[in-house]
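Tertiary structure, described
Below, each chain spelled out in residue letters.
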Protein chains: 2
Amino acid sequence: MTLIIDCHGHFTTEPQKHHDFRKAQVAYAEGKAHERPVYPGISDEELSVIVEGNQLRLQKERGSDLTIISPRASGMGHHIGNVDIATEWATISNDCVNRIVDLFPENFAGVCQLPQTVDGDLKPVIAELERRVEQGFVGSNLNPDPSGGRWSAPPIYDEWWDPMWEAMAALDVPAMIHVSGSCERCLHTTGAHYINADTAVFMQLIQGDLFERHPTLRLIIPHGGGAAPYHWGRYRGLSIMLEKPPLGQHLMNNLFFDTCVYHQAGIDTLFRVVDKKNILFGSELLGAVKALDPETGHSFDDTKRYIDALNLSTEDRHAIFEGNVRRVYPLLDKKLKAQNR
Amino acid sequence: MTLIIDCHGHFTTEPQKHHDFRKAQVAYAEGKAHERPVYPGISDEELSVIVEGNQLRLQKERGSDLTIISPRASGMGHHIGNVDIATEWATISNDCVNRIVDLFPENFAGVCQLPQTVDGDLKPVIAELERRVEQGFVGSNLNPDPSGGRWSAPPIYDEWWDPMWEAMAALDVPAMIHVSGSCERCLHTTGAHYINADTAVFMQLIQGDLFERHPTLRLIIPHGGGAAPYHWGRYRGLSIMLEKPPLGQHLMNNLFFDTCVYHQAGIDTLFRVVDKKNILFGSELLGAVKALDPETGHSFDDTKRYIDALNLSTEDRHAIFEGNVRRVYPLLDKKLKAQNR
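Model, not experiment: these values are computed from the prediction.

Let us now look at the packing of aromatic side chains. Residue and element names in this part refer to chain A. If you walk through the whole model with that rule in mind, you get 20 aromatic pairs over all chains. Residues Phe-202 and Tyr-235 carry aromatic rings whose centres are separated by 5.2 Å and whose planes lie at 85° to one another, so their mutual orientation is edge-to-face. With Phe-202 in helix H6 (residues 189-207) and Tyr-235 in helix H8 (residues 232-241), this residue pair connects regions lying 33 residues apart in the sequence. Among the residues examined, Tyr-235 registers a relative accessible area of 0% and is labelled buried. Summarising the aromatic geometry, the rings of Phe-281 and Phe-321 are spaced 5.0 Å apart at their centres and angled 65° between planes, so their arrangement reads as edge-to-face. Remark: Phe-321 occurs in helix H12 (residues 314-328) and Phe-281 occurs in the loop between strand S8 (279-280) and helix H11 (303-308); sequence separation between them is 40 residues. The exposure class assigned to Phe-281 is buried, which follows from its relative accessible area of 3%. By the ring-pair criterion, three or more aromatic residues cluster together here, those being Phe-202, Trp-232, Tyr-235 and Phe-257.

All names here are of chain B. Counting buried positions along strand S2 (residues 66-71) gives 6 out of 6 residues, so the element sits mostly inside the fold. Relative to S2, strand S1 (residues 5-11) runs parallel, the two sharing 5 bridges. Directly across from Ile-5, in S2, lies its bridge partner Leu-66. One ladder, built from 3 bridges, connects S2 with strand S3 (residues 108-113); its direction is parallel. In the sheet register, Thr-67 faces S3, and the bridge partner there is Phe-108. Since S2 and S3 lie parallel, the crossover through helix H4 (residues 83-103) that links them has a hand, and here it is right-handed.

Listed per partner, the contact involves 61 residues of chain A and 61 residues of chain B. The contact between chain A and chain B buries some 4,900 Å² in all, and 58% of this surface belongs to carbon and sulfur atoms. Taken as a group, Cys-186, Tyr-230 and Arg-234 of chain A account for 19% of the area that chain A buries against chain B, more than any other trio of residues on that side. For the interface between chain A and chain B, the tally reads 10 salt bridges. Joining chain A to chain B, the criterion identifies 28 residue pairs in polar contact (both at pLDDT 80 or more). Elements represented by at least two residues in the side of chain A that touches chain B include exactly H6, H8 and helix H10 (264-273) of chain A.

Another aspect to go through is the relation of the copies chain A and chain B. Once chain A is rotated about the relating axis by 180° and shifted along it by 0.0 Å, it coincides with chain B to within an RMSD of 0.0 Å. Here the copies are linked by what is in effect a two-fold axis. Interface overlap between copies is the fraction of interface residues in one copy that are interface residues in the other; for chain A against chain B it reaches 100%, indicating a shared surface.

Our focus in this paragraph is the state of the cysteines. Covalent bonding between the sulfur atoms of two cysteines defines a disulfide. Taken as a whole, this structure holds 0 disulfides over all chains when the rule is applied. No disulfide involves Cys-186 of chain A; its nearest neighbouring cysteine sulfur is the one of Cys-183 of chain A, lying 13 Å away. Looking at Cys-112 of chain B, it has no disulfide partner, and the nearest cysteine sulfur is the one in Cys-96 of chain B, 14 Å off.

Another aspect to go through is the pattern of salt bridges. Residue and element names in this part refer to chain A. The full count for this structure, using the stated rule, is 51 salt bridges over all chains. For Glu-14, the salt bridge goes to Arg-72, with nearest N and O atoms at 2.8 Å. Within this pair, whereas Glu-14 is found in the loop between strand S1 (5-11) and helix H1 (16-29), its partner Arg-72 is found in the loop between strand S2 (66-71) and helix H3 (83-103), the two being separated by 58 residues in sequence. Using a relative accessible area of 11% as the deciding quantity, one classes Glu-14 as buried. A residue is classified by how much of its surface remains accessible, and Arg-72, at 23% relative accessible area, is partly exposed. The residue Asp-302 makes a salt bridge to Arg-305 at a minimum N-O spacing of 3.1 Å. The exposure class assigned to Asp-302 is buried, which follows from its relative accessible area of 8%. Residue classification places Arg-305 among the partly exposed residues on the basis of a relative accessible area of 39%. Each of the salt bridges in this network shares a partner with another, and the network as a whole consists of Asp-95, Glu-128, Arg-131 and Arg-132.

For the rest of this paragraph, the subject is the pairing of S3 of chain B. The two faces of the sheet receive side chains in turn, since in a regular strand these alternate between them. Residue and element names in this part refer to chain B. A large share of S3 lies buried, amounting to 6 of its 6 residues. Pairing analysis gives 3 bridges linking S3 to strand S4 (residues 139-142), with the strands arranged parallel. Residue pairing across strands places Val-111 opposite Gly-139, the latter belonging to S4. With helix H5 (residues 123-135) bridging S3 and the parallel S4, this β-α-β connection has right-handed handedness.

Now for the sheet that holds strand S6 (residues 219-221) of chain A. Residues and elements named next belong to chain A. Taken in spatial order, the 8 strands line up as S1-S2-S3-S4-S5-S6-S7-S8 in an open sheet, and their pairing is parallel. The strands lining the two open edges of the sheet, one partner per strand, are S1 and S8. Sitting on the sheet, H6 is in contact with strand S5 (175-177), S6 and strand S7 (255-258), with an inclination near 135° to S6.

Two quantities define a packed helix pair, namely the angle between the axes and the distance from one axis to the other. Residue and element names in this part refer to chain B. At a minimum axis distance of 11 Å, the contact between H4 and H5 shows a crossing angle of 15°. Looking at the two axes, H4 sits roughly parallel to H5. The handedness of the crossing between H4 and H5 is right-handed. Contact with H4, carried on its side by Val-83, Thr-87, Ala-90, Thr-91, Asn-94, Asp-95 and Asn-98, involves Pro-124, Glu-128, Arg-131, Arg-132 and Gln-135 of H5 and no other residues of that element. Taken together, the residues of the contact of H4 with H5 sort by class into 3 nonpolar, 5 polar and 4 charged.

Even without a glycine there, the phi angle at His-223 of chain A is positive, about 50°. Note on placement: His-223 of chain A falls in the loop between S6 and H8. For His-223 of chain A, a relative accessible area of 1% translates into the label buried. Even without being a glycine, Asp-172 of chain B presents a positive backbone phi close to 60°.

Taking burial as the measure, the 10 residues of helix H11 (residues 264-273) of chain B include 7 buried ones, the bulk of the element. Where H11 of chain B is concerned, the buried positions are Ala-265, Gly-266, Ile-267, Thr-269, Leu-270, Phe-271 and Val-273 of chain B. In this structure, the buried residues of H11 of chain B make contact with H10 of chain A together with helix H9 (232-241), strand S7 (255-258), strand S8 (279-280), helix H12 (303-308) and helix H13 (314-328) of chain B.

Turning our eyes to something else, we now look at the side chain of Ser-140 of chain B. The topology assignment puts Ser-140 of chain B in strand S4. Here Ser-140 of chain B is in contact with Val-111, Cys-112, Leu-114, Leu-129, Met-164, Pro-174, Ala-175 and Met-176 of chain B, once residues within four sequence places are set aside.

The next thing to look at is the sheet that holds S8 of chain B. Residue and element names in this part refer to chain B. Taken in spatial order, the 8 strands make up an open sheet running S1-S2-S3-S4-S5-S6-S7-S8, and their pairing is parallel. Each edge of the sheet is formed by a strand with only one pairing partner; in this case those strands are S1 and S8. Running at roughly 175° to S3, H4 makes contact with S1, S2 and S3 of the sheet.

Rules used in this analysis
- Residues numbered from 1 in each chain as written.
- Chains lettered and ligands numbered in written order.
- Predicted model: local features only at pLDDT ≥ 70, side-chain atom pairs only at ≥ 80, totals over all residues.
- Heavy atoms only, no water.
- Phe/Tyr/Trp six-rings, centres within 6.5 Å; stacked < 30°, edge-to-face > 60°.
- Helix = DSSP H or I, 4+ residues; strand = E, 2+ residues; numbered from the N terminus.
- Buried < 20%, exposed > 50% of the residue type's maximum accessible area, 1.4 Å probe, protein only.
- Pairing = 2+ DSSP bridges.
- Right-handed = clockwise from strand over helix to strand, strands pointing away.
- Contact = heavy atoms within 4.5 Å.
- Buried area = accessible area lost by both parts, 1.4 Å probe.
- Salt bridge = Lys/Arg side-chain N within 4 Å of Asp/Glu carboxyl O.
- Polar contact = N/O pair within 3.5 Å; in protein donor to acceptor, adjacent residues only side chain to side chain.
- Least-squares fit on C-alpha atoms with pLDDT ≥ 70 in both.
- Disulfide = S-S within 2.5 Å.
- Axes fitted to C-alpha atoms, helices over the stretch in contact; angles between N-to-C directions.
- Parallel < 35°, antiparallel > 145°, perpendicular 65-115°, else oblique.
- Left-handed = near helix turned anticlockwise from the far one by under 90°.
- Nonpolar A, V, L, I, M, F, W, Y, C, P; charged D, E, K, R; others polar.

So, in structure tokens, the structure goes:
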């Protein structure tokens, strides 16, 4: 039997006091308030009720077994404050996720938020990753643009990032490339900045030689790879113009897309264009689009339905829902084996 | 018989002296050179030879009849210099296009570059549009981000742009939304910035009420609508969350996508998702991707092949190749009628 593993979930049902703390912390970080707020905490009971009523309920309704969960992506806010603030916020956010995993170890595995900043010091980022992996986290969300739409960090292929890749290799964890909220009025967070960052990083990977230099590195581009599958011909052509190897060889031994594409035609395109070994089931559960599709009567982000409609072979279905994600996240595979799954 | 009209071509085969002038003009604009260069000009004979050997040759080879041609989009460089420099550069670039149209009136119609700047004064922009329409141009390329990836202009739905829309309504011309070169190292011009701008503007249009306020306005988002068709479900869902009317009513009476999508699976997605009344044949002829697809043996940007493979009904084929573009560009329709076409 195939486990249904959702590689892309977020804890986006935080209680109001969690948001209030962040608001006060941001005000403090920006010098608009003198008092540094103290995080009020969420009791285990409170957290259980929230998760049971939302993420767990939807897992059951939609028929999935386990979600790789991370803090709210748009809330990471790496453009706000210094390393001190970023570290405090990542600590609080990751502690929450860690407790959800402890409360429901069969239903969740953790992916951590990193204390990235616009200044960009990678040392505390790597320290937080190491600490969380030791706790049982299986990967991280890496923001390629901590400036929130201003793209002030070096491109992902730049050697500046190498310490991060080396730490990930040592820990044997992948990263999902995931930006946070947009600072630009012209770039809507979930409608433009997310998809555009996916597309921009895909193109950066074509331009560079990241996977040649780091052959064991594994990255996941979410939201079905941004615009890449729809414009696959453009990218194959640009690769040729840049005298790079074919995409299959240059990128697709190390790069994976999730299935956060919210309609059948989009999912069909993804599966037609991209090799099934590179696709991981994901839904962005309780994520960007919380609405019912009036054309289907189902939630836009119930992506399992679109995949089920593909009538995949047993082998392909297993790869998409379980096999690929266990291969890309070896620490998840280890956890599952310890649970006899 | 259906005319095959390519709505998206650029003059990208400029002689070296044209590039040399621009380089010297930029150096002058940036204070790196004291002498203001003088444009050397291109003789009619020279221009004929260039166009016959490239754009016209490809029209014949690929079986198209007429191309709506504009200056090289990545060369517009609206982030460089002030209104004076932008106006000189738009004048030179548009003069070139105007002469191509004069030399081959049955093969080309002109779309103009606008002297936009980061400061953003729209008066000279509108003046250039009016002057060119009087000369016979049928539309313009409007840059939603003259800052080249920094998104310093207001979003397209902001009232700041209204004088532009009013001028376009008075002239009865549409605009293709088209950014220029990227200033950001992280955003490759043709592989990220172009596609991302298309996607960002599509989302801006969802957020705003531009077409409600300007019901006769017609905009074309090139490159197959950026990521929009692939993520159509996401955009339908976000529209619902923002309490906007359905996309068909909110946007698709005024918004059009071209077919600059360089593989069959992408074109298939475009035609499956988007109503045929909203699709205009385009190839970006001599544009972003100049390479042969090793999988097909044909040029990636020979988009007519992908459309031909759809086996459209005679009526749909006519709409895509001729009918829609004549409806969206009424001044082109007028020119064609004057030519008894």
